[in-house]
Structures are given as structure tokens and as C-alpha cells.
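Letter by letter, the chains look like this.
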Amino acid sequence: MDLKSELLKSIWYAFTSLDVEKCGKVSKSQLKVLSHNLYTVLNIPHDPVALEEHFQDDDDGPVSNHGYMPYLNKYILDKVKEGMFEKEKFDDLCWMMTMKKNFKGLPQGALLSQRDCFKLFCLFNLLSEDRYPLVMIPEEVEYLLKKISTAMSQEWSQEDATVWEGDMSVWTFLEHMGAGRLLRVTSAETFSLALDEVFLEMYHSVLKRGYMWKKGHVRRNWTERWFVLKPSSIAYYGSEALRDKKGEIQLNKSCIIEPIVDREGKRCMFCVKTHNKTFEMSASDQRQKAEWTQAIQTALRLQSVGKSSLHHELKLKRRVQREHSQRERSRSSCSSRSSQSDDSNMQEMEKTEKEIDRHDSEIESIIQRARELETKRREAEEKERKKQREVQMELERQLKEAETLRDSMQAEMQEKEKEAEQQKKRILELELTQRRLEAALNMEIQARLEEERARLELERLLQAEEAKKKQFQLLQEQQRALQCLSPILEASDDSPDDHTPSALHSASRELQDLQASRQRSHQHLEELQEKLRYASQHVRHWNVQLNRLMKPIGPGDRLEHRLLSRHMCPKKEGALASNEFISKLKIRADHNRQTPEDGETLEEQMEAANLSDGSNESQRKPNGEM
């Protein structure tokens with residue numbers, strides 16, 4: 001059956017739906033609308049001038065289908081080519097036009113949907129006889145019911161049909177299927193899936209479909225694709241939703257399918273060679289490889305004999321077989337006797353019939369085996385998907401654990417970096433504090449030396465003042481003695497010495513000068529003592545800061561540190577007070593006078609003078625007091 005005959009069946013339903021009076025005639029306005037819709041759905045350029053010229057006559061009444069057929073053949077059907085339109089959309093248009101008038105609808109609680117009715121309508125047109133009105137004989141009805149039952153994994157027998165009559169129209173067939181009189185259906189979902197599988201196989205001529213790996217021609221990488229095999233092509237998509245078509249392999253007589261040795265980490269490989277390209281593919285296992293290889297060889301065999309559909313050929317063979325059987329039955333009924341030549345002809349016809357039956361049974365067995373393999377493949381794919389989901393969940397769990405571990409390690413590294421930064425900051429503060437402590441110690445040493453020099457100077461002035469006092473007292477005694485002897489000296493007329501009052505006056509002046517110098521030296525000493533006191537406090541402050549940086553105390557053990565430092569730790573030596581420093585330095589100087597040592601350095605003197613400041617400050621003498 002060619003494409004034109006297939007299209008005429010659907011157009012016949014659309015035409016009869018417009019024949020309201022059922023007289024075989026349709027108005028010209030309705031035919032214009034029908035023609036315009038056919039132009040659109042078949043992707044043919046619309047020619048309104050030809051349409052007007054064809055229907056231009058004196059009769060404004062309806063036009064018969066015989067008058068419409070010449071226009072339909074010339075301007076529509078003769079321009080249609082296979083592949084330039086979608087046949088399912090075309091049949092859907094005709095179904096929508098005829099369903100509104102002829103289909104009574106589904107009964108309440110029917111297991112069929114509107115989409116299922118449309119698929120049964122398409123399959124009915126495929127298996128119906130090539131005569132009008134279109135009917136489907138019982139043998140083809142039985143064949144279709146067996147196909148659907150096999151897809152539902154159950155067997156069909158004529159006992160399952162509560163109603164069994166002769167030739168059926170499509171509306172009678174849909175009514176019986178919706179009421180469940182022809183097929184036992186327990187689940188609407190199972191029936192829809194089985195009908196969809198049969199619809200793809202018979203209507204769309206899908207020989208096989210499934211996932212395989214394909215090697216690219218540009219990037220040369222392996223990608224998983226969903227393949228759909230038809231007698232004329234192998235189309236591959238991004239997924240089984242058939243939305244993203246990635247490419248298509250056109251099959252012809254020159255195509256060859258060959259196995260390939262496993263390589264590049266792939267197995268179960270084969271290739272399809274066309275006249276300009278080689279497509280490499282990898283199946284999931286050896287069984288899938290064998291199924292795909294056999295299905296592609298079937299498609300190439302159909303291409304070699306110029307056939308576009310396997311089920312069209314099976315239908316023609318079944319029709320030929322039925323006609324042959326009818327002829328044989330008619331001959332056997334007309335003549336009870338026959339000659340030997342008739343017997344030989346009968347034997348040859350029986351042999352031919354057996355050969356046809358064998359060939360049909362082989363095709364049916366191939367289809368049945370392919371369907372069983374498809375079912376097993378689906379089960380295997382479901383198990384594989386379940387296994388992959390489990391592996392994916394395990395990998396996601398491991399990934400989450402790795403991310404958690406990474407986050408913890410990053411937090412720990414940040415904490416370590418923070419601690420290192422704090423340690424670096426402490427080291428810098430420690431170095432700065434150490435430099436400041438050294439500067440404070442140098443300043444304290446310098447202040448102590450200056451204080452010592454001032455004390456020595458004060459001591460020298462005190463000694464000089466003491467000597468002057470003694471000299472002044474001696475002069476006073478001499479003056480008093482002279483005053484006592486002055487009457488005697490006057491009697492003897494000797495002149496007294498005039499140098500004694502002047503010496504006493506000069507000694508008194510020198511003594512006053514020494515006292516003023518002593519006062520100034522005492523003030524200078526007090527200033528130096530204040531400076532030393534400030535330097536000692538500075539050293540003590542930076543010493544505390546240095547000890548704090550050497551061993552930092554946390555907030556939790558601050559009180560414990562205080563208690564331990566008060567009761568257990570001995571008090572360390574610190575800066576000396578001025579009077580302690582002077583007394584220690586004098587003791588050290590007296591000891592050095594008794595046992596002098598050559599080469600004594602300033603550092604050794606400062607080390608000898610480094611005394612504890614634990615004495616009670618209330619017992620210290622005032623600065624400058626001898």
C-alpha cells in the first residue's frame with residue numbers, strides 16, 4: 001500500500017464527516033476549508049487560484065466526492081512526498097474532524113483515553129481493507145488484539161471476546177474496545193503502555209529503540225544517546241523524551257554493519273558504514289549488541305527490496321495467503337475429482353502456502369523474540385538505572401563527607417593561620433618591648449651614674465665645707481685668744497697682727513660659698529634622683545610587659561596566676577631605690593679600696609649594685625641625708 005492510499009483513507013473520514021445528509025455530496029465552501037487544512041498539514045504551497053478555478057461552475061449546490069477527487073489528486077496528493085510532513089499530525093487532523101460527528105464517546109469508567117482511541121483509529125486504518133467504506137476483517141482484528149496482548153505480557157484467545165462479529169467499522173471497533181468486549185483489560189496504564197509500544201512498532205515502523213554509546217565525528221568522544229531504528233534511518237537523541245535530536249543515519253542498500261574489537265574502554269562495539277561516514281557504537285552487553293545488529297540487518301534487508309514498512313509487507317502477505325486459501329476452498333467445492341496435474345498443482349500450491357506460512361511464522365517469531373528481548377532489555381536497564389542511582393547516592397554521600405571534612409580542615413587552617421598571625425604579632429611586640437626595655441635600662445644606668453657623680457660631688461663639697469668649718473672655728477678661737485691677749489699687747493706697745501680678721505672674713509665667705517654650692521649640688525642630686533626614679537619605673541613597666549609577652553595569661557587562669565604569684569613565687573629583683581643604690585655603691589667602693597682590682601668595668605659595678613627592692617620604703621632615709 002503506497003502513501004497515497006494511506007492518505008486517502010484518512011481524507012475519506014474527513015470528507016464523510018462533512019457529508020451531513022449522507023448523500024455523498026459536500027458543499028464547496030466546506031471543501032475549500034478542508035483543502036486549505038490539507039495544504040497546511042501536508043506542508044504544500046497553497047494555490048487558491050486553482051481551487052477557485054476547479055470549483056467555478058454554474059451549480060452553487062454541493063459537489064460529489066467524484067468531482068473533488070480530480071482536484072485532490074492533481075493539486076494535493078501528487079505533490080506529497082514521504083518525509084516532508086508528519087503523518088501523525090495529518091491523521092490527528094482527520095480524526096478531530098470525524099470524531100465530533102461519528103464517535104459517540106467513551107462510556108463511564110472506560111479504560112481507554114482519547115489518545116488511546118486516536119492510536120486505535122490509526123492502527124485500524126493501517127490494517128483495514130482497501131475498499132470503501134473502510135472495514136477491518138476478523139483476521140486482522142485478531143492479529144491486532146494478539147499484538148496488544150503480547151505487549152501486555154498475556155495471551156489472547158477468542159474466548160476473551162464477548163462479542164465477535166464479521167467486518168467491523170472503526171466506530172464499532174472503538175465502541176467494543178472501550179466497553180472491554182474484545183480484550184480483557186485490568187489496568188488502564190498497562191494497556192496504554194502496551195498500545196503505545198504497538199503503535200510505535202506498526203504505525204511509526206520502529207524496529208528497535210534504546211540507549212547506546214556513540215563516538216563523535218568532531219570531538220571524537222563517547223556520548224550516550226537514545227537510538228530509534230526505522231527501516232530507512234537510525235535517529236539518535238539526547239534522551240528518550242525525543243525532544244533534542246542530535247543526528248540521523250540514513251540507511252540504504254550500500255550501508256554495511258560490522259562488528260568492532262573492544263577498545264578505548266568500550267565493549268560490545270559495532271559500526272554502521274555509509275557511503276561517506278562510519279558510525280561507531282557500543283551496546284551495554286552482548287545480548288544488546290546481537291539485538292541491534294539483527295534489527296539493523298532487517299532494516300537493510302527491507303531497503304534492499306525497496307520496502308518502507310515491515311508490517312505493510314506482513315499485511316500484504318496475510319492478504320495473499322487469505323485469497324489463496326479462498327481460491328483453494330472454492331476449487332475444492334466446485335470439483336470433487338481432479339486429475340494428477342491438479343494434484344501436482346495442489347501440492348505446489350500447498351508447498352507455496354507452507355512456504356508463505358513458514359516465512360510469516362519466521363517473521364512473527366523474529367518480532368516476538370525482539371519484543372521479548374526488548375522487555376528483558378528494559379528490565380536490565382531498570383536494574384542498571386537503580387544500581388547507578390545507588391552508586392550516585394553513595395558518591396553524593398562521600399562528596400558531602402569530603403566537603404564537610406574540607407570545611408573543617410579549612411576552619412582548622414584558618415584557626416592555625418590566626419594563631420600564627422597572633423604569634424607573629426606577639427614576636428614583633430616582644431622585639432619592640434625588648435628594645436624599649438634595653439633603652440630604659442640604658443637610661444637607668446645613665447641616671448644612676450649621674451646620680452653617683454652628683455653624690456660624689458656633694459660628698460666632696462661636704463668634706464670641703466667640714467674643713468672650712470674647722471678652719472673657721474680655729475680662726476674664731478684664735479680671734480678669741482687674741483681678744484684675751486689684747487690688753488697685754490697694748491701694755492707692751494706691740495702692734496697686733498691685722499691679718500687675723502681678714503682671714504676670718506675670707507674663711508666665712510668661702511664657707512658661705514661652699515654652703516651655696518652644697519645647696520645647688522643637693523638640688524641637682526634631687527633632680528637626678530627623680531630622673532632615676534622615673535627610669536626605674538620605666539624599666540619595671542617594660543619588664544612586666546616583656547614577662548607578659550613571654551608567657552601570656554588566658555582569661556580563665558588570671559586569678560590562679562595571681563594567687564600563685566602571691567603565695568608561691570618569690571619576688572624577683574627589680575630597680576633599686578636611690579638610697580639603696582648609694583649605700584651598696586659605697587660598700588662596694590670601700591671593698592674595692594681594700595682589695596683593688598685592675599680592669600674593673602662599668603658593667604661589673606652595675607651588677608654589684610643590682611640589689612633587691614623588697615625593703616620597706618618607709619625605712620628609707622631622705623635623699624641627700626648623710
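Quick caveat: nothing in here was measured; it's all calculated off a predicted structure. (Residues numbered from 1 in each chain as written. Predicted model: local features only at pLDDT ≥ 70, side-chain atom pairs only at ≥ 80, totals over all residues. Heavy atoms only, no water.)

Draft legend 1. Focus on the nonpolar core. Core analysis: the biggest nonpolar cluster contains 44 residues, and Trp95, Leu144, Ile148, Phe173, Leu174 and Met177 have the highest contact counts within it. For this core, the secondary structure elements donating two or more residues are helix H5 (87–102), helix H6 (114–127), helix H7 (138–151), helix H8 (170–179), helix H9 (188–202), helix H11 (310–334) and helix H12 (340–491). The contacts of Leu144, once residues within four sequence positions are left out, are Leu123, Leu127, Met136, Phe173, Val198 and Met202. Leu7, Ile11, Phe15 and Leu72 belong to the second-largest nonpolar core, a separate cluster that totals 26 residues. (Core = buried A, V, L, I, M, F, W, Y, C linked by side-chain atoms within 4.5 Å. Buried < 20%, exposed > 50% of the residue type's maximum accessible area, 1.4 Å probe, protein only. Helix = DSSP H or I, 4+ residues; strand = E, 2+ residues; numbered from the N terminus. Contact = heavy atoms within 4.5 Å.)

Draft legend 2. Main features of the packing of H6 against H8. Here H6 crosses H8 at 135 degrees, and the two axes come no closer than 10 Å. When the axes of H6 and H8 are compared, the pair comes out oblique. In the packing of H6 onto H8, the handedness of the crossing is right-handed. Side by side, H6 and H8 meet where Cys117, Leu120, Phe121 and Phe124 of the first sit next to Val170, Phe173, Leu174 and Met177 of the second. (Axes fitted to C-alpha atoms, helices over the stretch in contact; angles between N-to-C directions. Parallel < 35°, antiparallel > 145°, perpendicular 65-115°, else oblique. Left-handed = near helix turned anticlockwise from the far one by under 90°.)

Draft legend 3. The arrangement of the pattern of salt bridges in detail. Throughout the structure, instances matching the rule amount to 31 salt bridges. Glu86 is the salt-bridge partner of Lys89, the closest N and O atoms lying 4.0 Å from each other. Overall, Glu86 belongs to the partly exposed group, its relative accessible area being 47%. Taking the shortest distance from any N to any O, the salt bridge between Lys531 and Glu450 comes out at 3.6 Å. Placement of the pair is Lys531 in helix H13 (residues 499–550) and Glu450 in helix H12, with a sequence separation of 81 residues. (Salt bridge = Lys/Arg side-chain N within 4 Å of Asp/Glu carboxyl O.)

Draft legend 4. Spotlight on the packing of H7 against H9. For the pair H7 and H9, interaxial distance at closest approach is 8 Å and the crossing angle is 120 degrees. Between H7 and H9, the angle is such that the two are oblique. Along this stretch, H7 crosses H9, giving a crossing that reads as right-handed. For the pair formed by H7 and H9, the contact residues are Tyr143, Leu144, Lys147, Ile148 and Ala151 on the first element and Phe191, Ala194, Leu195, Glu197, Val198, Glu201 and Met202 on the second. By residue class, the composition of the contact of H7 with H9 is 9 nonpolar, no polar and 3 charged. (Nonpolar A, V, L, I, M, F, W, Y, C, P; charged D, E, K, R; others polar.)

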